[in-house]
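Chain by chain, the residues run as shown.
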Amino acid sequence: MKDSEFLKDNTLRHRIWIYLMLAISIFIISFQATKENLSIQKNSDTIPFILRGSVEIFDSPDYGIYADIFQDQPVYKTDSLEEIFTSSKINWDKPMTLLLHLDEHDCSPINTNFLFYLDRLGARIYINHRLIYDSKVIFPSDYYLLNRNTYWACFTSPGLTSKDDIDVVLVTHSKYKIKKAVETTINSCQISTEPFILDIHTFRSTLLVIFAICGIVLGVMTIIMYSLFLGSKIKIPQLFYFGALVVSCGISYITDFGISNFFLNMSSFYRTLEFSKNLLVAGFFSMYLQSFLTKSRVKIIRTSATIIITLLPVFLLFQHFAYFDLYSIVDYIQILCLIDIIITAAAIIYDGKCEKYQPADRITVPTTIIALCYILDMFTYSSSHIPDAIFSRIGILYFVITQCCELLDYLVVIIQRTAEAKYYRELAYKDSLTHVANRTSWNERLKKIDADLVTIDSYGVILFDLNNLKKVNDHMGHQCGDEFISSACKIICNVFNDCEVYRIGGDEFLALLKNYSVSECDRKLMEFETICGKWNWEHQEALFDMSVAAGGAVFDFSVDNSFEETVARADAFMYQCKLEMKGDDVR
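These numbers come from a predicted model, not from an experiment.

Chemist: Residues and numbers for the overall build of the chain, please.
Modeler: Within the chain one finds 16 helices and 15 strands. The proportion of buried residues among the 587 residues of the chain is 51%. At a minimum sequence separation of 6, the contacts of the chain that also span at least 24 residues come to 76%. Split by element, the accessible area of the chain, about 29,700 Å² in all, is 60% carbon and sulfur.

Chemist: Give a detailed account of the nonpolar core, specifying residues and quantitative values.
Modeler: Core analysis: the largest hydrophobic core is formed by 60 residues, its most contacted members being F275, F284, Y288 and L289. Elements represented by at least two residues in this core include exactly α1 (12-39), α4 (202-231), α5 (237-256), α6 (267-290), α7 (296-322), α8 (330-354), α10 (364-380) and α11 (390-429). With near-sequence residues (within four places) excluded, F284 lies in contact with I18, L22, F240, Y241, A244, L245, S248 and I309. By size, the runner-up hydrophobic cluster in this structure holds 32 residues, among which are I462, C480, V495 and Y516.

Chemist: Describe the packing of aromatic side chains, listing the residues and the values that go with them.
Modeler: One pass over the full model with this rule turns up 15 aromatic pairs. The interplanar angle of 90° and the centroid separation of 4.9 Å between the aromatic rings of F555 and F557 together place this pair among those described as edge-to-face. Using a relative accessible area of 53% as the deciding quantity, one classes F557 as exposed. An aromatic cluster is present here, built from F242, F285, Y288, F292 and F399 joined pairwise through their rings. The residue whose ring lies beneath R124 is Y66, and the NZ or CZ to ring-centre distance is 3.9 Å.

Chemist: Break down the environment of L510 for me, with residues and values.
Modeler: Positionally, L510 belongs in strand β14 (residues 508-514). By relative accessible area, L510 is classed as buried at 0%. For L510 and I492, which are 18 residues apart along the polypeptide, the C-alpha to C-alpha distance reads 9.0 Å. Once residues within four sequence positions are removed from consideration, L510 is found in contact with W442, V461, I462, L463, F464, E500, V501, Y502 and I504.

Chemist: Before we move on, can you summarise the packing of helix α13 (residues 469-476) against helix α14 (residues 478-495) with the specific residues and values?
Modeler: Relative orientation of the contacting elements α13 and α14 amounts to 145°, with a least axis distance of 7 Å. Two secondary-structure elements touch here, α13 through L469, V472, N473 and M476 and α14 through H478, C480, G481, F484 and I485. Residue composition of the contact of α13 with α14, by class: six nonpolar, three polar and no charged.

Chemist: Which residues make up the packing of α7 against α8, and what values go with them?
Modeler: In contact at an axis separation of 10 Å, α7 and α8 are set at 160° when each is read in the N-to-C sense. One element, α7, and the other, α8, form an angle in the roughly antiparallel class. At the point where α7 passes α8, the crossing takes the left-handed sense. For the pair formed by α7 and α8, the contact residues are R297, I301, S304, A305, I308, L311 and F315 on the first element and I333, L336, D340, I343, T344, A347, Y350 and D351 on the second. Here the contact of α7 with α8 is composed, by residue class, of 10 nonpolar, two polar and three charged.

Chemist: So what's going on with the pairing of strand β15 (residues 548-554)? Residues and values would help.
Modeler: With seven of its seven residues buried, β15 lies for the most part within the structure. In this structure, strand β12 (residues 459-466) lies alongside β15, joined through seven bridges in antiparallel fashion. Opposite F464, over in β15, you have A550 as the bridge partner.

Chemist: Residues and numbers for α8, please.
Modeler: For α8, with 25 residues, the first-to-last C-alpha span of 35 Å sits near the 36 Å given by 1.5 Å per residue. Looking one or two residues past α8, K356 carries a phi angle of roughly 55°, positive in sign.

Chemist: If you had to explain the pairing of β14 to someone new, which residues and values would you point to?
Modeler: Counting buried residues along β14, five of its seven residues qualify, which places the element largely inside the surrounding structure. Bridge count between β12 and β14: seven bridges; the pairing is antiparallel. Across the sheet, G460 pairs through a bridge with L513, a residue of β14. With four bridges joining them, strand β13 (residues 500-503) and β14 adopt antiparallel strand pairing. Bridge pairing in β14 links R503 to F509. What sits between the antiparallel neighbours β13 and β14 is a turn of four residues.

Chemist: Explain the environment of E355 to me, and be specific about the residues and the numbers.
Modeler: Looking at the element boundaries, E355 is found in the loop between α8 and α9 (358-362). Through-space distance from the C-alpha of E355 to that of T294 is 9.0 Å; in sequence the pair is 61 residues apart. Not counting residues up to four positions away in its chain, the partners in contact with E355 are K295, R297 and Y350.

Chemist: Which residues make up the sheet that holds β13, and what values do they have?
Modeler: Sheet architecture is open: four strands sit in the order β13-β14-β12-β15, paired in antiparallel fashion. Edge positions in the open sheet fall to β13 and β15, since each of these has one partner strand only. Across the sheet, the axes of successive neighbouring strands diverge by a mean angle of 15°, strand direction being ignored. Docked against the sheet, helix α12 (residues 439-451) engages β12, β13 and β14, running at close to 130° with respect to β13. Against the sheet, helix α15 (residues 518-538) engages β12, β14 and β15, with an angle of about 170° to β15.

Chemist: I'd like a rundown of the environment of E580, residues and numbers included.
Modeler: If you trace the backbone, E580 turns up in helix α16 (residues 563-580). A residue is classified by how much of its surface remains accessible, and E580, at 62% relative accessible area, is exposed. Between the alpha carbons of E580 and A549 there is a distance of 8.9 Å; along the sequence they are 31 residues apart.

Chemist: Outline a nonpolar patch on the surface, supporting the account with residue identities and numerical values.
Modeler: On the surface, W17, L20, I24, L317 and F321 cluster together into a nonpolar patch covering about 460 Å² of accessible area. Counting residues per element, the ones that place at least two in the nonpolar patch are α1 and α7. For the nonpolar patch, the element with the most residues is α1, which contributes three residues.

Chemist: Which residues make up α13, and what values do they have?
Modeler: Those residues of α13 not exposed but buried are L469, V472 and N473. Relative to the axis of α13, the buried residues are bounded by an arc of 95° and lie together on one face. Projecting away from the buried face of α13 at angles above 90 degrees are the exposed residues K470, D474 and H475. Just past α13, the residue G477 takes up positive phi, approximately 100°.

Chemist: Describe the pattern of salt bridges, listing the residues and the values that go with them.
Modeler: Under the definition given, this model contains eight salt bridges. In this structure, the salt-bridge partner of D351 is R297, at a minimum N-O distance of 2.6 Å. Here D351, found in helix α8, pairs with R297, found in helix α7; they are 54 residues apart in sequence, far enough to count as distant. Judged on exposure class, the residue D351 and its partner R297 are both buried. Among the salt bridges present, the one from K470 reaches D474, with a minimum N-O distance of 2.9 Å. Of this pair, K470 and D474 both sit in helix α13, four residues apart, roughly one helical turn. Just as K470 is exposed, D474 falls in that class too.

About the thresholds
Starting from 1, residues in each chain are numbered consecutively following that chain's sequence as written. Local features in a predicted model are, by the rule used here, given only for residues with pLDDT of at least 70; side-chain atom pairs are given and counted only at 80 or more, and totals for whole chains, interfaces and linings are based on all residues. Side-chain metrics in this entry use all non-hydrogen atoms of the structure; hydrogen atoms and water are not considered. Counting from the N terminus, the helices are the DSSP runs of H or I reaching at least four residues and the strands are the DSSP runs of E reaching at least two. Per-residue accessibility, obtained with a 1.4 Å probe over protein chains only, is compared with the maximum for each type, and a residue is labelled buried under 20%, exposed over 50%, and partly exposed between these values. Here a residue-residue contact requires only that any non-hydrogen atoms of the pair lie within 4.5 Å. Surface accessibility in these figures is a Shrake-Rupley result with a 1.4 Å probe; residues are shielded only by whichever protein chains are displayed. Residues grouped as a nonpolar core are buried Ala, Val, Leu, Ile, Met, Phe, Trp, Tyr and Cys residues, joined through side-chain atoms within 4.5 Å. Note on ring pairs: Phe, Tyr and Trp rings are taken, using the six-membered ring of Trp, and paired if centres are within 6.5 Å. Classes follow the plane angle, with under 30 degrees stacked, over 60 edge-to-face and the rest tilted. Two thresholds decide whether a charge sits over a ring: the Lys NZ or Arg CZ must be within 6 Å of the ring centre and within 35 degrees of the ring normal. Note on geometry: axes are C-alpha line fits, over the in-contact stretch for helices, and angles between N-to-C directions span 0 to 180 degrees. Charged residues are taken to be Asp, Glu, Lys and Arg, nonpolar residues to be Ala, Val, Leu, Ile, Met, Phe, Trp, Tyr, Cys and Pro, and polar residues to be all remaining types, Gly included. An angle below 35 degrees is read as roughly parallel, one above 145 as roughly antiparallel, one from 65 to 115 as roughly perpendicular, and any other as oblique. In this scheme the crossing of two helices becomes right-handed for a clockwise turn of the near helix relative to the far one and left-handed for an anticlockwise turn of less than a right angle. Should DSSP find at least two bridges between two strands, the strands are regarded as paired. One less than the number of residues in a helix, times 1.5 Å, gives the span that helix is expected to have. Patches in this entry comprise residues that are over 30% relatively accessible and not in a salt bridge; like charges within 9 Å are linked, as are nonpolar side chains (Val, Leu, Ile, Met, Phe, Trp, Tyr) within 5 Å. By definition here, a salt bridge exists when the distance from a side-chain nitrogen of Lys or Arg to a carboxyl oxygen of Asp or Glu is within 4 Å. Think of the arc as the fan of directions from the helix axis to the C-beta atoms.

See the structure below:
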């Protein structure tokens, strides 16, 4: 990336608001996790879940294959679950699909575990005609537990009430003891708070854990890098938003793939993460891209993303204090996030293609791809053939990889430019011979001191003038003169090591004193004169004497109207000292 416009920053007010919303959300989620962890019971604590309702039985095409319960006609109906075990009209040796309409059922609190025993059966569960569980497909909230050689299935309850329509579909996998298996399944349903350990698909989930953790670590490192650059006064807001996006994607993978099953059974906490990741991914996706936009589109996307992020702590507070069911609005939140992503993608495409804006044009392709992936997921969301949001995951992965490479290239350019800027600044503000600040730097410093009327009385100044430098240059050569200048500068820096030293002319130096009294200034001048005499004694073979005139002054409100007048008084004292030392000669 070579376009300097990539460095556009956001308003401070906007960033502070985002930080505040994230802090509130993290606090609520952490509090919820801590509270739930402390309340988890380590031993089994189950409550029977009594099923009552009607039954429809369909002929399956084969064992393990569900009949089309929405199109086929049932071969048997009954209004009582008990009748299917006593009826002689049912052939338990044939492949069949059983549809249980639970018209009457107990309430199941939100975020509790619903367990049932499966043996020689497959199961699907619909709540309000929406598929939320399939024993053959791993949904985000599914668990599998091997306990005492029996197969139990479990899914997290979204909060069941007597008003919810629950349909349980069972399919036979074999013809042996199917009647007993169905009876056991119906009678074994229970609510449990027992912690579970994942025993199935461990290898796949381990890889996903590693992948998600790597993403979170990458995001955190990017945010830390943003903070380091900020301390160096280099503003790259894209680093923060990209890091937050990658962390959100890592959380998304943890919740989407059921990686949380490796840990304690904090169901409420994980379902909160599952809800939060939609808002976080969409919000930071828009915030990252809005920094590439121009004109009014920046404000539109920034406002949209801010609303998305602000909704997170609002809903979390509702959940905590009003016992609000987040599950009931998941579909609406996904639609809202989709609209936000589509609007952001449209703005990027317009800026990149219509406005011919180079920064936006560079990310048009990955932005378009991720928007199309989210649209595809919305169409396949209700499909039992593609139950997972696989397209958006692929799109996010592609987007993160491309932008990571793009940001790395840009950081290389920034580091090179920073090094070049530092080099040229040193050329402009530092003396190449002595490596102390030069006249230009002193002029800028003097303006700041005069402007700071509150602390101006704490400053003083000492001026130095090298005697006979011209004679040294004329008779001994400029190399010897340079040695004279460098040696004098070293002595000044050593004696006034707590002061700022400037070379303000060919043979003139200046030391800026801070919090010095007049007596301390005089003492330092005497120490400097002593060090110069000591240098001449130790360097008797030198071709020149260390002869330096010096004069100092401390700002005094009763005498000086500005710090320039203080400098002028120091210059007068230095000139008087130079007249007294005028007899020094070159050896």
